[in-house]
Amino acid sequence: MSSLANKRILLGISGGIAAYKSADLVRRLKERGADVRVVMTAGAQEFIKPLTFQALSGHPVHTDLLDPAAEAAMGHIELAKWAELILIAPASAQVLAKLAGGMADDLLSTLCLASEATLALAPAMNQAMWRHPATAANVDTLQARNTLIWGPAAGSQACGDVGPGRMLEPEALVAEVESLLQPRADLRGKHFAITAGPTRESLDPVRYLTNHSSGKMGFALAAAARRAGAEVTLIAGPVNLPTPAGVKRVDVVDAREMQEAAERAADLCDVFIAAAAVADFRPERIAQEKIKKSDGSDRDTLALVKNPDIVAGIAARNERRPFTVGFAAETEKVLEHAAGKLSRKKLDMIIANDVSEADSGFNSERNRVTVLDPSGRTELPQSLKTALAEQLIGMIAAQAFSQ
Ligand code: C5P
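What counts and what doesn't
- Residues numbered from 1 in each chain as written.
- Predicted model: local features only at pLDDT ≥ 70, side-chain atom pairs only at ≥ 80, totals over all residues.
- Heavy atoms only, no water.
- Helix = DSSP H or I, 4+ residues; strand = E, 2+ residues; numbered from the N terminus.
- Buried < 20%, exposed > 50% of the residue type's maximum accessible area, 1.4 Å probe, protein only.
- Contact = heavy atoms within 4.5 Å.
- Areas by Shrake-Rupley, 256 points an atom, 1.4 Å probe, with all protein chains shown as cover.
- Lys, Arg positive; Asp, Glu negative; His and termini not counted.
- Charge placed at Lys NZ, Arg CZ, Asp CG, Glu CD.
- Core = buried A, V, L, I, M, F, W, Y, C linked by side-chain atoms within 4.5 Å.
- Phe/Tyr/Trp six-rings, centres within 6.5 Å; stacked < 30°, edge-to-face > 60°.
- Lys NZ or Arg CZ within 6 Å of the ring centre and 35° of its normal.
- UniProt positions renumbered as here; feature names shortened; annotations may be inferred.
- Pairing = 2+ DSSP bridges.
- Axes fitted to C-alpha atoms, helices over the stretch in contact; angles between N-to-C directions.
- Parallel < 35°, antiparallel > 145°, perpendicular 65-115°, else oblique.
- Left-handed = near helix turned anticlockwise from the far one by under 90°.
- Nonpolar A, V, L, I, M, F, W, Y, C, P; charged D, E, K, R; others polar.
- Near = heavy atom within 4 Å.
- Polar contact = N/O pair within 3.5 Å; in protein donor to acceptor, adjacent residues only side chain to side chain.
- Domains from an automatic or database assignment.
- Buried area = accessible area lost by both parts, 1.4 Å probe.
- Salt bridge = Lys/Arg side-chain N within 4 Å of Asp/Glu carboxyl O.

Draft legend 1. Examining the overall build of the protein chain more closely. When its secondary structure is counted, the protein chain shows 15 helices and 21 strands. Dimensions along the principal axes, computed over C-alpha positions, put the protein chain at roughly 80 × 55 × 35 Å. A burial count over the protein chain gives 49% of its 403 residues as buried. Sequence separation of at least 24 residues holds for 67% of the intrachain contacts in the protein chain that already meet a minimum separation of 6. Taken as a whole, the protein chain presents about 19,700 Å² of accessible surface, with 50% of it coming from carbon and sulfur. Each charge class in the protein chain was averaged separately, 45 positive and 48 negative side chains, and the resulting centres sit 3 Å apart.

Structural data, given as structure tokens:
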């Protein structure tokens, strides 16, 4: 897959145990067609040898600012101009401090200062160093200058600590690079409304019915549509996710609230995407007080009533009908059920996935889907939801705005 064909990526590697993961990162970027040149700091060379990166990138590794041989081959200013993306992975606390301060005392920091390329950093450091106010201030300074900060992830660290500071995995970094550098649809002037997450249907003041939806797919779609320039309204059920930059978020709790917000947003949108896992039923009555165990009985019955089908209502509109996309999360006969929903709900497109698969679907970072529309179907390989969202937005844009 040559998603990064001929993209010129300068990979900076600074000192940290995560430097070993950068070898895999180079391999994955090369596999996607990128031209990768590697710069290593002195600290990085304590962890891993330049020869490894020379072999993987197919080019000599740059290590010194004042090396006459390297300067003769491709001088540092030339290298700074050559890059369209400078990615530093791992980026140590020292690198963040140097770049925030505009220093140029080694090759990598000099290149960053001399280059007009997009700069992305994948921080990797001990959790206390990441949390330190000095590092936080450096990150703020860098972000204010449009430097991209990818990660860090939280988890167990090489030093034995647990917390934020792990470098993002190479696969996630490649997905970030792809979403940054891949040509994407131009959705400026278009309005997307997207539902995401579960709904929560109250039973009494303390209990509710819900499902395992994390909202990740809907949030990733909102971020991707926004990156492509669309105005995005994200109607979110109860989830624990940050709002993607530039997206208008409307928080809702139950299906009827979601329907109200969705109908309102659909009046103004060109594309409506229903990524939410809406509860099909809700309790017939919400008890005012906590429901008590009925004495002496081992059984009880819950009376449920059907919730409105939000996406079907919008797809059935005669006026102000947006291009309408649904999701079908199935555990069996995936394509058959999805095709049924596509025609029954009168959708323009449905995205089907098997939520019974391990490491795919609900609550996972990844998904494998098949896209169905009335003219046929396209299977997409399993990938991170962020990368998949980018692809799906491209496919939706191509269909919704073709002619
Ligand atoms: O739950 P079901 O499999 O029918 O969901 C298919 C599609 O319909 C999804 O896009 C979901 O967001 C949407 N839906 C909805 N309102 C419901 C049920 C589902 O918008 N009450």
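Next comes the rest of the account.
Draft legend 2. Structural detail: the nonpolar core. Of all hydrophobic cores here, the largest spans 36 residues; its most connected members are Phe192, Leu221, Ile273 and Leu392. Excluding its chain neighbours within four sequence positions, the residues that come into contact with Ile273 are Phe192, Ala193, Ile194, Thr195, Leu221, Val325, Phe327, Ile393 and Ile396. Ile9, Ala19, Ala34 and Ala44 belong to the second largest nonpolar core, which has 31 residues in total.

Draft legend 3. Fine view of the packing of aromatic side chains. According to the stated counting rule, one finds 0 aromatic pairs in the structure shown. Between Lys190 and the ring centre of Phe401, over which it is positioned, the NZ or CZ distance is 4.5 Å. Sitting over the ring of Tyr208, Arg200 keeps its end group 4.3 Å from the ring centre.

Draft legend 4. Up close: the UniProt feature "binding site: CTP" (unreviewed entry) in the protein chain. Following the UniProt record, one finds the feature "binding site: CTP" (unreviewed entry) at Asp280, Lys290, Pro308, Asp309, Ile310, Val311, Phe327, Lys341 and Lys345. A maximum C-alpha distance of 37.0 Å is found for the annotated residues, which run over 66 residues; spatially they are spread out rather than grouped. Positionally, Lys290 belongs in the loop between strand 14 (281–283) and strand 15 (304–306). Residue Lys290 is classed as partly exposed on the basis of its relative accessible area of 44%.

Draft legend 5. Highlighting the sheet that holds strand 5 (residues 148–149). Across the sheet, which stays open at both edges, the 5 strands sit in the order 2-1-3-4-5 with parallel pairing between neighbours. One side of each edge strand has no neighbouring strand; the edge strands of this open sheet are strand 2 (35–40) and strand 5. Note: strand 3 (residues 85–91) against strand 4 (residues 118–123), 5 bridges, orientation parallel. Each bridged residue has a counterpart across the sheet, and for Leu85 the counterpart in strand 4 is Thr118. Across the sheet, helix 1 (residues 19–31) touches strand 1 (8–13), strand 2 and strand 3, and the angle it forms with strand 1 is around 175 degrees.

Draft legend 6. Inspection of the packing of helix 6 (residues 93–100) against helix 9 (residues 133–144) at higher detail. Look at helix 6 against helix 9: their axes get within 9 Å of each other, and the N-to-C directions meet at 50 degrees. Relative to helix 9, helix 6 is oriented oblique. Judged by the twist between their axes, the crossing of helix 6 over helix 9 is left-handed. Here Ala93, Leu96, Ala97, Leu99 and Ala100 of helix 6 lie close against helix 9, whose contacting residues are Thr135, Asn138, Val139, Thr141 and Leu142. Taken together, the residues of the contact of helix 6 with helix 9 break down into 7 nonpolar, 3 polar and no charged.

Draft legend 7. Quick peek at the site of the ligand. Residues in close proximity to the ligand include Ala274, Ala276, Val278, Asp280, Pro308, Asp309, Ile310, Val311, Gly326, Phe327, Lys341 and Lys345, which together make up its full environment. Residue Ile310 places a main-chain N or O atom 3.0 Å away from a nitrogen atom belonging to the ligand. At 2.3 Å from an oxygen atom of the ligand is found a side-chain nitrogen or oxygen belonging to Lys341. Bound to the protein, the ligand loses 88% of the 440 Å² it would expose on its own.

Draft legend 8. View of the domain arrangement of the protein chain. The domain architecture assigned to the protein chain consists of domain 1 (8–181) and domain 2 (191–400). Distance between the C-alpha centres of domain 1 and domain 2: 37 Å. Both faces combined, the contact of domain 1 with domain 2 buries some 380 Å², and carbon together with sulfur accounts for 56% of it. Contact with domain 2 buries surface across domain 1, with Glu171, Ala175 and Ser179 losing the most and accounting together for 86% of the total. The tally of links between domain 1 and domain 2 comes to 1 salt bridge. Between Glu171 and Arg366 there is a salt bridge, with its nearest N and O atoms 2.0 Å apart. Linking domain 1 with domain 2 are 1 residue pair in polar contact (both at pLDDT 80 or more), by the criterion used here. Within the side of domain 1 that touches domain 2, the residues separate by chemical class into 2 nonpolar, 1 polar and 1 charged.

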